[in-house]
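If you want the building blocks of each chain, they are given just below.
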Amino acid sequence: MTAAMPNPTAGSLNKQFFVIFSDPGPRPEELVTHIPAHLAYLTGLEKQGVLLMSGPFLDATGNPGPNGMLIVRATSTDDAAALAAADPFHSSGARSFRIEEWQVHQGRIEIAVDFSDRSYHLR
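Note that this is a predicted model, so its numbers are computed, not measured.

A few points about the environment of asparagine 14
Inference 1: Here asparagine 14 lies in the segment before strand S1 (15-24).
Inference 2: Each C-alpha atom of the pair asparagine 14 and histidine 105 lies 5.0 Å from the other, and the pair is 91 residues apart in sequence.
Inference 3: Sequence-distant contacts of asparagine 14, that is, excluding residues within four places in its chain, are made with Thr9, Gln103, Val104 and His105.

So, in structure tokens, the structure goes:
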């Protein structure tokens, strides 16, 4: 009889998310024309509680580079792929995507909101 190994992350969050990596696609010259629809789509996902975070990776100078990432709540990789495929950046062919399932164990998010001036601080 073999003793079961204890689960070292049993007390952690162990929450599943899906990371969508967005890269230049076969028609990157079309990207600019799809920015408004892309932003509207992501805002809709955000308001539905589906989109956790998104944005571009920065280059060495601190400017947005050609690649980006979205973290979404979904029930499966297929559901995350459907979300990614519906993004106008991806459906237009301006960008391509790949998906990784991600399990969060540790971390911390702090948000302070000052109502008087509508400012916020994310740390």
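There's plenty left to go through after this.
Here we look at the packing of aromatic side chains
Inference 1: With the rule as written, the count across this model stands at 1 aromatic pair.
Inference 2: Ring geometry for phenylalanine 17 versus tryptophan 102: centroids 6.3 Å apart, planes at 45°, classification tilted. You can see phenylalanine 17 sitting in strand S1 and its partner tryptophan 102 sitting in strand S4 (residues 95-104), a full 85 residues away along the chain.
Inference 3: Residue tryptophan 102 is classed as partly exposed on the basis of its relative accessible area of 38%.
Inference 4: The lysine or arginine in question, lysine 15, covers the ring of phenylalanine 17, its NZ or CZ lying 5.9 Å from the ring centre.
Inference 5: If you follow arginine 98 out to its NZ or CZ, it ends over the ring of phenylalanine 21, 4.2 Å from the centre.

Thoughts on helix H1 (residues 35-48)
Inference 1: For H1, with 14 residues, the first-to-last C-alpha span of 20 Å sits near the 20 Å given by 1.5 Å per residue.
Inference 2: Here H1 has its buried residues at His38, Tyr41, Leu42 and Leu45. Buried residues in H1, looked at end-on, bunch into an arc of 95°, giving them a common side. Residues of H1 that are exposed and point more than 90 degrees away from the buried face comprise Pro36, Ala40 and Lys47.
Inference 3: Buried residues along H1 sit against strand S2 (51-58), strand S3 (64-72), helix H2 (77-86) and helix H3 (88-91).
Inference 4: At the C-terminal side of H1, glycine 49 shows a positive phi close to 85°.

Quick word on the pairing of S1
Inference 1: Judged from the 10 bridges that link them, S1 and S4 form a sheet pairing that is antiparallel. Across the sheet, the residue bridging to phenylalanine 18 is glutamate 101, located in S4.

Section: the side chain of aspartate 87
Inference 1: In this structure, aspartate 87 sits in the loop between H2 and H3.
Inference 2: In this structure, aspartate 87 is buried with no salt-bridge partner, the nearest side chain bearing the opposite charge being arginine 95 at 7.2 Å.
Inference 3: Ignoring any residue separated from it by four or fewer positions in sequence, one finds aspartate 87 in contact with His38, Tyr41 and Leu42.

Thresholds applied
- Residues numbered from 1 in each chain as written.
- Predicted model: local features only at pLDDT ≥ 70, side-chain atom pairs only at ≥ 80, totals over all residues.
- Heavy atoms only, no water.
- Helix = DSSP H or I, 4+ residues; strand = E, 2+ residues; numbered from the N terminus.
- Contact = heavy atoms within 4.5 Å.
- Phe/Tyr/Trp six-rings, centres within 6.5 Å; stacked < 30°, edge-to-face > 60°.
- Buried < 20%, exposed > 50% of the residue type's maximum accessible area, 1.4 Å probe, protein only.
- Lys NZ or Arg CZ within 6 Å of the ring centre and 35° of its normal.
- Expected span 1.5 Å × (residues − 1).
- Arc of directions from axis to C-beta.
- Pairing = 2+ DSSP bridges.
- Lys, Arg positive; Asp, Glu negative; His and termini not counted.
- Salt bridge = Lys/Arg side-chain N within 4 Å of Asp/Glu carboxyl O.

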